[in-house]
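# Working through the structure, step by step
Residues per chain are reported as follows:
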Amino acid sequence: DTGVSQDPRHKITKRGQNVTFRCDPISEHNRLYWYRQTLGQGPEFLTYFQNEAQLEKSRLLSDRFSAERPKGSFSTLEIQRTEQGDSAMYLCASSPKRTGNTEAFFGQGTRLTVV
Amino acid sequence: QQQVKQSPQSLIVQKGGISIINCAYENTAFDYFPWYQQFPGKGPALLIAIRPDVSEKKEGRFTISFNKSAKQFSLHIMDSQPGDSATYFCALRDSSYKLIFGSGTRLLVRP
């Protein structure tokens, strides 16, 4: 499969626990994005990597959130001390570094439920 | 701040009808205007996109109309089919290639 892969697809956790999500982008896509989507809303940008460098972070990304992309390949998003407000779909997208109409390909997301 | 406003929130169309979804944006720092389609439990998928130097783009039954001076763009789905029932998002792409999404339109096409 050559699409963006996210794992796990679903995660239920208790408030206060830490969770980590993984994203495997399309091979050779050097741009990787994390978005959060709550029910009935459009995805909201969280952070962006170009290769292994984290170039931009949204104000939505509190200090409980951290993202990494070691070696510019897969990426992880960790949420520490989860809160009920963190319940959402976390989407990963990747795109190639090219000018023009480069499409961002999204994974199927990780649905997080904090109970 | 909401940089893109999308309407309507929901839309019901009969099979064979035309579905029209509108978006308006607030500043000009965007170079690419895509529409995404999302089915339940799936990630968004690019449907069609336009650059601001073009006023209209058509791909099959899907057309984007773009009005740069009014800062508005719209998606038209001709001959709507039940399989088109999904949530549609307009988006703006900025210089870092990140996307700013509208709030979505839930389209239901009745058979």
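Every chain's residues receive numbers from 1 upward, in the order its sequence appears when written. Following the order in which they are written, the chains are lettered starting with A and the ligands numbered starting with 1. This being a predicted model, a pLDDT of at least 70 is required before a residue's local features are given, and a value of 80 or more before pairs of side-chain atoms are given or counted; all residues contribute to the totals for chains, interfaces and linings. In computing side-chain properties, one takes all heavy atoms of the structure into account and sets aside hydrogens as well as water.

## Notes on the overall build of chain A
Condition: We count a stretch as a helix when DSSP gives it H or I for four or more residues in a row; a strand needs E for two or more, and each element gets its number in order from the N terminus. Radius of gyration means the value over C-alpha atoms here, while the globule rule gives 2.2 Å times the residue count to the 0.38 power. Contacts between residues were defined by any pair of non-hydrogen atoms, one from each residue, lying within 4.5 Å. Two residue types count as positive, namely Lys and Arg, and two as negative, namely Asp and Glu; His and chain ends fall outside the count. Charge positions come from single atoms, namely NZ of Lys, CZ of Arg, CG of Asp or CD of Glu.
Counting secondary structure elements, chain A contains zero helices and 11 strands. Going from N to C terminus, chain A has its helices and strands arranged as β-β-β-β-β-β-β-β-β-β-β. Computed over its C-alpha atoms, the radius of gyration of chain A comes to 14 Å, within 12% of the 13 Å expected for a compact globule of 115 residues. Structurally, chain A occupies a C-alpha span of about 40 × 25 × 25 Å along its principal axes. Restricting to contacts in chain A with at least 6 residues of sequence separation, those with at least 24 account for 52%. Once the 16 positive and 13 negative side-chain charges of chain A are each reduced to a mean point, those two points are 3 Å apart.

## Notes on the state of the cysteines
All names here are of chain A. Spelled out, the test is: The criterion for a disulfide is a pair of cysteine sulfur atoms lying within 2.5 Å. Working definition: with a 1.4 Å probe on protein chains only, accessible area under 20% of the residue-type maximum means buried, over 50% means exposed, and in between means partly exposed.
Here the structure, examined in full by the defined rule, presents two disulfides over all chains. Residue pairing for Cys-23: its cysteine sulfur links by disulfide to Cys-92, the two sulfurs lying 1.9 Å apart. The chirality of the disulfide connecting Cys-23 with Cys-92 is left-handed, given an S-S dihedral of about -70 degrees. Of this pair, Cys-23 sits in strand S3 (residues 19–24) while Cys-92 sits in strand S9 (residues 88–95), and the two are 69 residues apart along the sequence. Its relative accessible area of 0% is what places Cys-23 among the buried residues.

## Examining the packing of aromatic side chains
Quick reminder of the rule: Two aromatic rings from Phe, Tyr or Trp, using only the six-membered ring of Trp, form a pair when their centres are within 6.5 Å; if the ring planes differ by under 30 degrees the pair is stacked, by over 60 it is edge-to-face, and anything between is tilted. Comment: the charge-over-ring label is applied if NZ (Lys) or CZ (Arg) is within 6 Å of the ring centre and within 35 degrees of the ring normal.
Using the criterion set out here, one finds 19 aromatic pairs over all chains in the structure. Taken together, a centroid distance of 6.1 Å and an interplanar angle of 90 degrees make the contact between Phe89(B) and Phe101(B) edge-to-face. With Phe89(B) in strand S9 (residues 86–93) and Phe101(B) in strand S10 (residues 99–101), this residue pair connects regions lying 12 residues apart in the sequence. In this structure an aromatic cluster arises from ring pairing among Tyr33(A), Tyr35(A), Phe45(A), Tyr48(A), Phe106(A), Tyr36(B), Phe89(B) and Phe101(B). Across the ring face of Phe74(A), the terminal group of Arg22(A) is positioned such that the distance to the ring centre comes to 3.9 Å. Its guanidinium or amino end placed over the ring of Tyr97(B), Arg31(A) lies 4.3 Å from that ring's centre, counting from NZ or CZ.

## Quick word on the pairing of strand S4 (residues 31–37) of chain A
Residues and elements named next belong to chain A. Heads up, the rule is: Strand pairing is defined by DSSP finding a minimum of two bridges between the two strands.
Of all seven residues that make up S4, seven are buried, and the element is covered over most of its length. Burial along S4 is two-sided: Arg-31, Tyr-33, Tyr-35 and Gln-37 facing one way and Leu-32, Trp-34 and Arg-36 facing the other are all buried. Sheet analysis places S4 next to strand S5 (residues 44–50), joined by six bridges and oriented antiparallel. For Tyr-33, the partnering residue across the bridge sits in S5 and is Tyr-48. Two elements, S4 and S9, share seven bridges in a ladder whose sense is antiparallel. Of the residues in S9, the one forming a bridge with Trp-34 is Cys-92.

## Points about the environment of Gly41(B)
The topology assignment puts Gly41(B) in the loop between strand S4 (33–38) and strand S5 (45–50). The class of Gly41(B) is partly exposed, set by a relative accessible area of 43%. Separated by 44 residues in the primary sequence, Gly41(B) and Ser85(B) have C-alpha atoms spaced 14 Å apart. Filtering out sequence-adjacent residues up to four positions away, Gly41(B) remains in contact with Arg9(A) and Gln108(A).

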